[in-house]
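What follows is the residue order along each chain.
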Amino acid sequence: MVTISDQVALHPDMQYWDVLEPNVLRYNRWRCDHGWDVDLDDGSSFYRIYCNLLLNGGLKMREGYDRVATNNIILNNSLHPHVWVRNSDDVFKHNIVFTAYQPAVMNSALGESDRWGKELDYNLFATGQEIYCCHLAGKRFLRLLLSNSF
C-alpha cells in the first residue's frame, strides 16, 4: 500500500504545489466550544501559527507538512497531534499549554524510530504536573518547562 509519506518522498515539494506563501495565523484570539480552536486537518500544510491565544479547544495538527506553531498560549487544552507523517517538518515550540499533548493514531504512519515532526520542544506546561514530562516523542525525551505558578 502506498502512503502519503511515500508519495511525498517521490515528490518532496508536493505540499507547495498549490500555495505560493505560507498560510499565516497570528495575533488572534480563538475559541471553539465544540471542537478545536484551530483545526489543521487532512493535509493542511505550510502554516505559520504564532502569537495566538487559544481559549478552549486547543490546536489540532493532522496529516500535513511544514507547519510551525510558536509562541502561542493554549488555555484549558494543548496540542493534538493526529496521524503525523514521516518527515513532516512540523514544529511546535515555545508555547504555553495547560494540559498534556493529546496524540491520536501517531504510529499509523510513523515507525518506532521516527520522530514526531522536526521539533517538538521548549514548551511550558503551566499546570506544573510532572506527568507531562514523561511525554516521549520518537524515543526522544523533550525539554519541557513545568510551572506551579498558575
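The numbers attached to residues start from 1 for each chain and follow its sequence in the written order. With the structure being a predicted model, the display of local features is reserved for residues of pLDDT at least 70 and the display and counting of side-chain atom pairs for 80 or more, all residues being used for whole-chain, interface and lining totals. Excluding hydrogens and water, the side-chain figures rest on all heavy atoms present in the structure.

Engineer: Can you help me understand the overall build of the protein in this one?
Structural biologist: We count a stretch as a helix when DSSP gives it H or I for four or more residues in a row; a strand needs E for two or more, and each element gets its number in order from the N terminus. When its secondary structure is counted, the protein shows one helix and 16 strands. In this description, contact between two residues means that some pair of their heavy atoms is separated by no more than 4.5 Å. Pairs at least 24 apart in sequence give 36% of the contacts found in the protein among residues at least 6 apart. Exposure was quantified through the Shrake-Rupley algorithm and a 1.4 Å probe, taking into account, for residues, occlusion by the shown protein chains and nothing else. Just so you have it, the protein exposes about 8,300 Å², and 52% of that area is on carbon and sulfur atoms.

Engineer: Explain the packing of aromatic side chains here, please?
Structural biologist: For any pair of aromatic rings, the description rests on two quantities: the centre-to-centre distance and the angle between the ring planes. Only the six-membered ring of Trp is used, alongside the rings of Phe and Tyr, when aromatic pairs are assigned; centres must lie within 6.5 Å, and planes under 30 degrees apart are stacked while those over 60 apart are edge-to-face, with the rest tilted. Applying the stated criterion across every chain, the model contains four aromatic pairs. On the basis of an interplanar angle of 85 degrees and a centroid distance of 6.1 Å, the ring pair of Y27 and Y50 is categorised as edge-to-face. Residue Y27 is found in the loop between strand 1 (23-26) and strand 2 (29-30), and its partner Y50 is found in strand 4 (residues 47-50); the two are separated by 23 residues along the sequence. An aromatic cluster is present here, built from F92, Y101 and F125 joined pairwise through their rings.

Engineer: Any chance you could explain the environment of E119 here in plain terms?
Structural biologist: Along the chain, E119 turns up in strand 12 (residues 119-121). Taking the C-alpha atoms as reference points, E119 and V91, 28 residues apart in sequence, are found 4.7 Å from one another. The contact partners of E119, leaving out residues within four places of it in the chain, are D90, V91, F92 and K93.

Engineer: So what exactly am I meant to see when it comes to the side chain of H82 here?
Structural biologist: Considering the arrangement of structural elements, one finds H82 in strand 9 (residues 79-82). Ignoring anything within four residues of it in the chain, the contact list for H82 reads W36, K60, M61, R62, E63, Q102, P103, A104 and M106.

Engineer: Explain the layout of surface pockets to me, please; I cannot follow it from the model alone.
Structural biologist: Using a probe with the size of a water molecule, rolled over the atoms, empty space left in the structure can be pinpointed. A pocket, in this scheme, is an open set of points on a 1 Å grid over the protein atoms alone with protein on both sides within 12 Å along at least 5 of 7 lines, while a cavity is a set where a 1.4 Å probe fits but cannot get out; residues line either one if an atom lies within 4 Å of a point. Grid points are joined across faces, edges and corners, and a volume is the space filled by probe spheres set on the points. Its boundaries defined by the atoms lining it, the largest pocket holds a volume of some 220 Å³. Contributing to the lining of the largest pocket are I4, V8, M14, Q15, D18, V19, N23, D42, G43, S45, E63 and Y65. Only Asp, Glu, Lys and Arg are considered charged in this grouping, and only Ala, Val, Leu, Ile, Met, Phe, Trp, Tyr, Cys and Pro are considered nonpolar; every other residue, Gly among them, is considered polar. Residue classes in the lining of the largest pocket are distributed as five nonpolar, four polar and three charged.

Engineer: Looking at this model, I keep getting lost on the sheet that holds strand 3 (residues 38-40). Mind explaining?
Structural biologist: One key point about sheets: their strands pair by backbone hydrogen bonds, in either a parallel or an antiparallel sense. At least two DSSP bridges between two strands are needed for those strands to be called paired. What the three strands build is an open sheet, ordered 3-6-9; its pairing is parallel. The open sheet has two edge strands, strand 3 and strand 9, and neither has a second partner. Looking at each pair of strands side by side, their axes are set apart by 10 degrees on average, direction ignored. When strand 3 meets strand 6 (residues 59-62), the two strands line up parallel, connected through three bridges. Across the sheet, residue D39 finds its bridge partner in strand 6, namely K60. For helices, the fitted line uses only the C-alpha atoms of the stretch in contact; every axis is such a line through C-alpha atoms, and the angle between N-to-C directions lies from 0 to 180 degrees.

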